[in-house]
Every structure is written in structure tokens, then in C-alpha cells.
Amino acid sequence: MNLPELTAQITAMGEKGFRAKQMYEWMHRKLCAGFDEMTNISSAFREKCKEGFTFTTLKVLERLESAIDGTNKFLFELADGNVIESVLMRYHHGNSVCISSQAGCRMGCRFCASTLNGLARNLTPAEMLEQIYQIQKISGERVSNIVVMGTGEPLDNYDNLIRFLHMISDENGLNISQRNITVSTCGLAEKIHQLAEEGLGVNLALSLHAPNDEARQKIMPIAKKYTISQVLKEFDYYFAKTGRRLTFEYSLVAGVNDSKEQAEELSALVRGKNCLINLIPVNEVKEREFKRSCSENIQNFKNILEKNRINVTIRREMGSDINAACGQLRKSYTDRKKEQEVTRA
Ligand code: SAH
């Protein structure tokens, strides 16, 4: 519940309206773990709340810490037994958390581990918030940036995503600036249009990964539904509405999308746009045969974009010693669990 909803609920239950703000702050600013911690709320009312409402928390199943760069990877269990993963990355400019928006994914990108077992279900706004709350509590450090780039397609869970974005940036909660939040999408054109009209100031990133439709269709099934030009039109609209610089993610796969010609074609595609191309050396996933481009090809690709005056960075790899790439930890956990069940049977 957001604050207006909580206020309506609490007054309907016979409590004074200002209690709602106190309770909201307990949950979303002080990050309490249950009703009993709300010490300025009467115990009688806390009991009433316990009867009628569940308090969403996530259980930490695993926490891996990178010895290289301090990146932390968390595997959380949801109330219904589904598991999701989130990552804490430490940068000079602050702590960034990468959250999942769905348990699993149905987009089917060929290089991605998160989609291998399909979609289990959408995450609720509370489950998205909780990933950040838990990490801030466990690490004892403030989270200043959020990327919705973990498992799932955020725009495929649109309403919950919007609610989450409002609540995480609510001044009565953690109050994380929308400018410090990035939503990454494989390119659901209508939803990008809708997002542009929400009046939010979050950053948008597009998983582009290929300079033309033919090449993109080979690695991303969604490219059969929306052409690159349809998606870029909506990205332009998003920029016109929000003024936020656009990011294009481009995971480099050896022999698939890393040639010099493709670098030229990509330059022509984005020329004139206020954008950044983020080159990602693809993370090899054991169930997929894709190979990472060699460092020479990655550098050449970058040089061509730079020669064409396109803003480009190579994504710094973090947590490479702890399986920090999309979906790999979740996948290995669920596989292990299945194996155990089979052995037991
Ligand atoms: N569904 C959203 C967000 C989740 S994926 C999206 O498609 O953008 C976050 C990013 O990681 C996307 O750019 C995705 O294409 C990329 N990605 C997935 N698997 C990868 C892998 N094995 N190596 C490198 N990047 C990968």
C-alpha cells in the first residue's frame, strides 16, 4: 500500500490518520521487520494489523561476496518458495543495487540464463522494495542507485513496476531520486510509450544487442514482435518527454554481433541521439553455446563507435568470481533443489 491507501485503510479500521504516516515510515524508512517493532503504535492496533495483513519479508538463502571488488550477490526466497537474486555493487559514487522484477522471464533471449526455465510469476511491488531494504539493512550502507536489470522484463510487469518506482522514490520512504534509477527493457514498444507518459524521471536502457532486425531476431525473440525502428521511435518519445539520456546495452557475442561492419551499422543507427552505448562482454552461460568476443574485437568495436563520435563505455565487470551475471545463481540453486527432490523420490 502506498501512503494514501494506508491512510484510508487505517482510518477505516478506526485509527487516527497520522498513524498511517508513522507506520509507513516504520516500513519504508526505518525498514522494520514486522508489526512488533512499531513501538509508537499501540499493541492492540498492532495485533489487529497482524490479523488482517501479511508483512512481506524476504529470506536470505545465500549471500556471496566477491573477493575482487566487494560485490555482493543475494539469493532470496519469497513467501511461496520462489527464489530471486539481487546484486549490491559498490562504486565510488555510491552503492547500487540491481533488482529482479520477475521470478524467471518469458522473453527468451538466447544468451540469458534468467529465461531458461520461463516465467514463474511477477514480483509484487513489496517484493521489489524488499530486495533493496534487505540489502541496505544487511550491508548497513545506504543504497543510492537502483538498476532494474536483474531477472525478468520490468515492462512485462508494468503496473507493479510503476507502483514500485513511486514508492522507492517517495519522500516518506527511502526517497531514492528517480534520476538514480534505471529501468532496462528488451523493448516492449507500447509499454515504453506508456512509461513516457507516467511523469516519472527514471532512466531507460534498451537491450539492443544488434544493429538490425535480422541479426536481432536471431538472438532476441521479442525482435520478431517489434522492429528496432518501432522501439527507437518510442525511445525518442521517452527522451522528448523526460529529457533523460538513453542507454543502449550491447552484449558482445563472438561471431554474432561483434564485427566491424556491425559497429559501423550501429553507429549509423544511433547517430544524432543523446545516448550512451554500453558494451557488455557477454557472460558465458553453461547451457548456451555463445562465446564472449575476444578483448581485441571488443576494443575494435569500441574504437569504431568512438571514431563515429558515439558515447560508448565498456561495462566494467563486477563480481566475476561469484556468478554475478543475470540469473546464474538462481538457476544453479533451482537445479540443485530439483536434483535433491529426484534423489529423495
Ligand atoms: N529484461 C530486461 C532486464 C534484464 S536483463 C532487459 O532485457 O533489458 C539485463 C541486461 O543483461 C540486458 O541487457 C540483457 O540483455 C543482458 N544479459 C542477459 N544475459 C546476459 C549475458 N549472459 N551476458 C551479458 N549480458 C546479458
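Quick caveat: nothing in here was measured; it's all calculated off a predicted structure. (Residues numbered from 1 in each chain as written. Predicted model: local features only at pLDDT ≥ 70, side-chain atom pairs only at ≥ 80, totals over all residues. Heavy atoms only, no water.)

Counting its secondary structure elements, the protein chain contains 11 helices and 12 strands. What you see for the protein chain is a C-alpha radius of gyration of 21 Å, in line with the 20 Å of a compact globule of 345 residues. Principal-axis analysis of the C-alpha atoms gives the protein chain an extent of 70 × 55 × 40 Å. For the protein chain, the proportion of its 345 residues judged to be buried stands at 53%. Within the protein chain, contacts between residues separated by at least 24 positions form 66% of all contacts whose residues are at least 6 apart in sequence. (Helix = DSSP H or I, 4+ residues; strand = E, 2+ residues; numbered from the N terminus. Rg over C-alpha atoms; globule rule 2.2 N^0.38 Å. Buried < 20%, exposed > 50% of the residue type's maximum accessible area, 1.4 Å probe, protein only. Contact = heavy atoms within 4.5 Å.)

Following the criterion strictly, the structure yields 4 aromatic pairs and no others. Consider the rings of Phe74 and Phe76, whose centres lie 5.7 Å apart with planes at 5 degrees: the pair is stacked. Neither Phe74 nor Phe76 differs from the other in exposure class; each is buried. Here Tyr250 and Phe301 contribute two aromatic rings whose centre-to-centre distance is 5.1 Å and whose plane-to-plane angle is 35 degrees, an arrangement assigned as tilted. You can see Tyr250 sitting in strand β10 (residues 246-252) and its partner Phe301 sitting in helix α10 (residues 295-307), a full 51 residues away along the chain. Overall, the relative accessible area of 1% leaves Phe301 in the buried class. Residue placement shows Lys30 over the ring face of Trp26; its charged tip is 4.0 Å from the ring centre. Lying across the ring of Tyr158, Lys191 places its NZ or CZ 5.3 Å from the centre. (Phe/Tyr/Trp six-rings, centres within 6.5 Å; stacked < 30°, edge-to-face > 60°. Lys NZ or Arg CZ within 6 Å of the ring centre and 35° of its normal.)

To continue, consider the side chain of Glu15. By the element assignment, Glu15 lies in the loop between α1 (3-12) and α2 (18-28). Using a relative accessible area of 18% as the deciding quantity, one classes Glu15 as buried. Beyond its immediate sequence surroundings of up to four residues, Glu15 is in contact with Ile10, Ser42 and Phe45.

Here we take up the site of the ligand. Taken together, 19 residues sit near the ligand, with Phe111, Ser184, Ser207, His209 and Asn283 positioned nearest. Within the side chain of His209, one N or O atom sits 2.6 Å away from an oxygen atom of the ligand. Taken by itself the ligand offers 530 Å² of open surface, and the protein chains cover 94% of this. Mapped onto the shell around the ligand, the elements with two or more residues apiece are β8 (181-185) and β10. Taken together, the residues that form the shell around the ligand break down as 9 nonpolar, 8 polar and 2 charged. (Near = heavy atom within 4 Å. Polar contact = N/O pair within 3.5 Å; in protein donor to acceptor, adjacent residues only side chain to side chain. Areas by Shrake-Rupley, 256 points an atom, 1.4 Å probe, with all protein chains shown as cover. Nonpolar A, V, L, I, M, F, W, Y, C, P; charged D, E, K, R; others polar.)

This paragraph deals with the packing of helix α4 (residues 125-139) against helix α5 (residues 158-168). Running from amino to carboxyl end, α4 crosses α5 at an angle of 40 degrees, the nearest separation of the two axes being 8 Å. Here α4 is positioned oblique relative to α5, judged by the angle of their axes. Seen from above, α4 lies across α5 with right-handed handedness. Between α4 and α5, the residues in contact are Pro125, Met128, Leu129, Ile132 and Tyr133 and Asn160, Leu161, Arg163, Phe164, Met167 and Ile168, respectively. Residue composition of the contact of α4 with α5, grouped by class: 9 nonpolar, 1 polar and 1 charged. (Axes fitted to C-alpha atoms, helices over the stretch in contact; angles between N-to-C directions. Parallel < 35°, antiparallel > 145°, perpendicular 65-115°, else oblique. Left-handed = near helix turned anticlockwise from the far one by under 90°.)

Before going further, it helps to spend a moment on the environment of Gly70. Its place among the elements puts Gly70 in the loop between β1 (59-65) and β2 (72-77). Separated by 18 residues in the primary sequence, Gly70 and Leu88 have C-alpha atoms spaced 8.6 Å apart. Setting aside chain neighbours within four positions, we find Gly70 in contact with Glu65, Leu88 and Arg90.

Among the nonpolar cores identified, the biggest contains 90 residues, and Met23, Ile132, Ile146, Phe164, Ile168, Phe248 and Ile277 are the most heavily contacted of them. For this core, the element with the most residues is α5, which contributes 7 residues. When residues of this core are sorted by domain, at least three fall in each of domain 1 (1-55) and domain 2 (74-344). The residues touching Ile277, leaving out its near neighbours within four places in the chain, are Phe248, Tyr250, Leu266, Val270, Leu305, Ile310, Asn311, Val312 and Thr313. Val87, Val147, Met149 and Met318 belong to the second largest nonpolar core, which has 7 residues in total. (Core = buried A, V, L, I, M, F, W, Y, C linked by side-chain atoms within 4.5 Å. Domains from an automatic or database assignment.)

Quick look at the domain arrangement of the protein chain now. Taken domain by domain, the protein chain holds domain 1 (1-55) and domain 2 (74-344). Each of domain 1 and domain 2 has a C-alpha centre, and the two are 34 Å apart. Taken together, the 13 residues of domain 1 in the interface contact 11 residues of domain 2. Summed over both partners, the interface of domain 1 with domain 2 buries about 1,000 Å², with 50% contributed by carbon and sulfur atoms. (Buried area = accessible area lost by both parts, 1.4 Å probe.)

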